[in-house]
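Overview (structure and organization)
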Amino acid sequence: MNDPNPATFSASAADALVACHDCDLLYRKRPLREGEKARCARCGALLYTRKPNSIERTLTLALAALILFALANIYPLLDFQFQGRAQQSSVLSGVRELYAQGMWTLAMVVFVASILAPLLKLLALLYVLLPLHFGRRPWRMAQVFRWIETLHPWAMTEVYLLGVLVAFVKLSDIATIVPGVALYSFAALIVVMAATDAALEPEAIWERLEPCR
Amino acid sequence: MNPGLPITAARAALARCHACHLLSRMKPLPPGSHAHCPRCGAALHLRKPDSLARAWALTLAAYILYIPANTLPIMTVVSMGHGEPDTILSGVRVLIAGGLWPLALLVFFASVVVPVLKLFALTYLLVSVWRKSRWRPRDRTVLYRITEAVGRWSMIDVFMISILVALVKLGAIATIEPGAGALAFASVVIVTMFAAMSFDPRLIWDALENPDER
Ligand SMILES: [Zn+2]
Ligand SMILES: [Zn+2]
Ligand SMILES: [Zn+2]
């Protein structure tokens, strides 16, 4: 940070300590083997982990997720055919139609949860990880990396897919519904995004920030 | 599992950065100024600020929004000039009538059970912290974790409506219009998510800190 507050400092003793996220108990940090997890003995929360080549694996998975994200948003989700009429829907057309019908708040909610938050989360990850992979430090890395955790609960890709499936089943009784390319891309995207989250080890990224104190 | 030191970070005057998890020693600050994490710049607090007041206010707001969310139509199927409004519950009933049991169960669970249980769980956690309860803190922490994790799944119905509205545009034959209930329902989900985020689970354990204080 450019203006370290004089009132606080990270004591060297505090560096070797961690506090539990859920119950605040202090632990002395001990080195872990790859793939090992340290848990709080009092409440069971995850304290810290060590993951093998976290940055490289997360970077690869995030790039794959970005491609799938593009496919999921370009192609139609469902094809609706009824008595010779056809209508396609994509993620964006759902948002546009809500907006056109005067429900702009609801359109915003759907837009943020299904498009904006997942996209920003992926872009923020790539912004931080790509330079780190090449041994550079991205500009304002701390702020951008902080967004990722803030965005996380609002990126609802997997919930969105379930909503699409419910719509699919509801309509398949009365009309012919054909799943589009985007539906399959979405399914793959969910798997890859979950793998991305699992591969990321935030502690390893934050430790890269140390020298600039 | 490794044994912890017999002291909390707050007792040791160490604040855990909520963003990067670094521990920093808290020193008395001049009034009006704010401590920031030396590593990532986020504001530092021993506990989430005004956790109980914020969580209470948001939970109460969610209870109030819950009424229009369930009474107003979430969408209206207009066919041949005749409108058929659907609420959250009637939507589940339609699925059951169509014999779509697994789907009916899924929607019932995500749209009816989860929001109610989430509100009850938050209320219970808030009351227990307020009464400085020392009863089964670990189970209450698990309850909090579940509450925080399941909330998002209630958005299924909202996303479903956005798809239906875009697909069913058959002019005079049939169209689907979004209803005000959908907005109220989305608000319940979002407001409860904020309520769960404002609640600080460490408050559950703080009651164990001063045994003679009760
Ligand atoms: Zn703990
Ligand atoms: Zn920090
Ligand atoms: Zn503050």
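Conventions we followed
Residues numbered from 1 in each chain as written. Chains lettered and ligands numbered in written order. Predicted model: local features only at pLDDT ≥ 70, side-chain atom pairs only at ≥ 80, totals over all residues. Heavy atoms only, no water. Helix = DSSP H or I, 4+ residues; strand = E, 2+ residues; numbered from the N terminus. Rg over C-alpha atoms; globule rule 2.2 N^0.38 Å. Buried < 20%, exposed > 50% of the residue type's maximum accessible area, 1.4 Å probe, protein only. Areas by Shrake-Rupley, 256 points an atom, 1.4 Å probe, with all protein chains shown as cover. Pairing = 2+ DSSP bridges. Axes fitted to C-alpha atoms, helices over the stretch in contact; angles between N-to-C directions. Contact = heavy atoms within 4.5 Å. Core = buried A, V, L, I, M, F, W, Y, C linked by side-chain atoms within 4.5 Å. Phe/Tyr/Trp six-rings, centres within 6.5 Å; stacked < 30°, edge-to-face > 60°. Lys NZ or Arg CZ within 6 Å of the ring centre and 35° of its normal. Domains from an automatic or database assignment. Patch = residues over 30% accessible without salt bridge, like charges linked within 9 Å, V, L, I, M, F, W, Y side chains within 5 Å. Salt bridge = Lys/Arg side-chain N within 4 Å of Asp/Glu carboxyl O.

1. Quick look at the overall build of chain B
If you tally the helices and strands in chain B, you get seven helices and five strands. The linear arrangement of helices and strands in chain B, starting from the amino end, is β-β-α-β-β-α-α-α-α-β-α-α. Expected size for 214 residues packed as a compact globule is a radius of gyration near 17 Å; at 23 Å, chain B overshoots this value by more than 25%. Taking all 214 residues of chain B together, the buried fraction comes to 49%. Of the roughly 9700 Å² of accessible surface on chain B, a fraction of 69% belongs to carbon and sulfur atoms.

2. Examining the sheet that holds strand 5 (residues 78-82) of chain A
On the basis of which strands lie adjacent, the open sheet formed by three strands has the order 6-5-7 (chain A) and antiparallel pairing. Each of the sheet's edge strands pairs with one partner strand only, and the pair in question is strand 6 (85-89) and strand 7 (176-179) of chain A. On average, each strand axis in the sheet is inclined to that of its neighbour by 20 degrees, with strand direction left out of account. Contacts from helix 5 (residues 156-167) of chain B reach strand 5 and strand 6 of chain A, with the element oriented near 145 degrees to strand 6 of chain A.

3. Section: the nonpolar core
Counting 103 residues, the largest nonpolar core has Leu77, Phe80, Tyr160 and Ile205 of chain A together with Cys40 and Met155 of chain B as the members making the most contacts within it. Among the elements that line this core, the one with the most residues is helix 4 (residues 104-133) of chain A, at 14 residues. For Met155 of chain B, the contacting residues outside a window of four places in its chain are Val109, Met156 and Val159 of chain A together with Ala186 and Val189 of chain B. Membership of the second largest hydrophobic core comes to 21 residues, among which are Cys20, Cys43, Ala45 and Leu47 of chain A.

4. Some points on the environment of Arg96 of chain A
Following the sequence through the fold, Arg96 of chain A ends up in helix 3 (residues 91-100). C-alpha separation for the pair Arg96 of chain A and Leu151 of chain A, spaced 55 residues apart in sequence, amounts to 23 Å.

5. Focus on the packing of aromatic side chains
A full pass over the atoms with the stated rule returns six aromatic pairs over all chains. Residues Phe145 of chain A and Trp206 of chain A carry aromatic rings whose centres are separated by 5.1 Å and whose planes lie at 75 degrees to one another, so their mutual orientation is edge-to-face. With Phe145 of chain A in helix 5 (residues 141-151) and Trp206 of chain A in helix 8 (residues 202-207), the pair connects residues that are 61 residues apart, well separated along the chain. Through a chain of ring-to-ring contacts, the aromatic side chains of Tyr160 and Phe186 of chain A together with Phe159 of chain B assemble into a single cluster. Sitting over the ring of Tyr48 of chain A, Lys29 of chain A keeps its end group 5.2 Å from the ring centre. Lying over the aromatic face of Trp139 of chain A, Arg140 of chain A brings its terminal NZ or CZ to 5.2 Å of the ring centre.

6. Examining the pairing of strand 5 (residues 175-178) of chain B
Residue and element names in this part refer to chain B. On strand 5, burial follows the alternation: Ile176 and Pro178 on one face are buried, whereas Thr175 and Glu177 on the facing-out side are not. Sheet topology places strand 3 (residues 75-79) next to strand 5; four bridges connect them, and they run antiparallel. Each bridged residue has a counterpart across the sheet, and for Thr76 the counterpart in strand 5 is Glu177.

7. Details of the domain arrangement of chain A
Once the domains are mapped, chain A shows domain 1 (11-49) and domain 2 (54-212). Relative to domain 2 of chain A, the C-alpha centre of domain 1 of chain A lies at a distance of 31 Å.

8. Looking at a nonpolar patch on the surface
Residues and elements named next belong to chain A. A contiguous nonpolar patch, built from Ile67, Leu71, Ile74, Tyr75 and Val181 and spanning about 460 Å² of accessible area, is present on the exposed surface. If you tally residues by element for the nonpolar patch, the top one is helix 2 (residues 54-74), at three residues. Turning to its location among the elements, Val181 is positioned in helix 7 (residues 181-199).

9. Some words on unusual backbone geometry
Even without a glycine there, the phi angle at Asp24 of chain A is positive, about 70 degrees. Positionally, Asp24 of chain A belongs in the loop between strand 1 (17-19) and strand 2 (26-28). Taking the relative accessible area as the measure of exposure, Asp24 of chain A reaches 2% and is therefore buried. Phi at Asp50 of chain B takes a positive value of approximately 50 degrees, unusual for a residue other than glycine. Mapped onto the secondary structure, Asp50 of chain B falls in the loop between strand 2 (23-25) and helix 1 (51-71).

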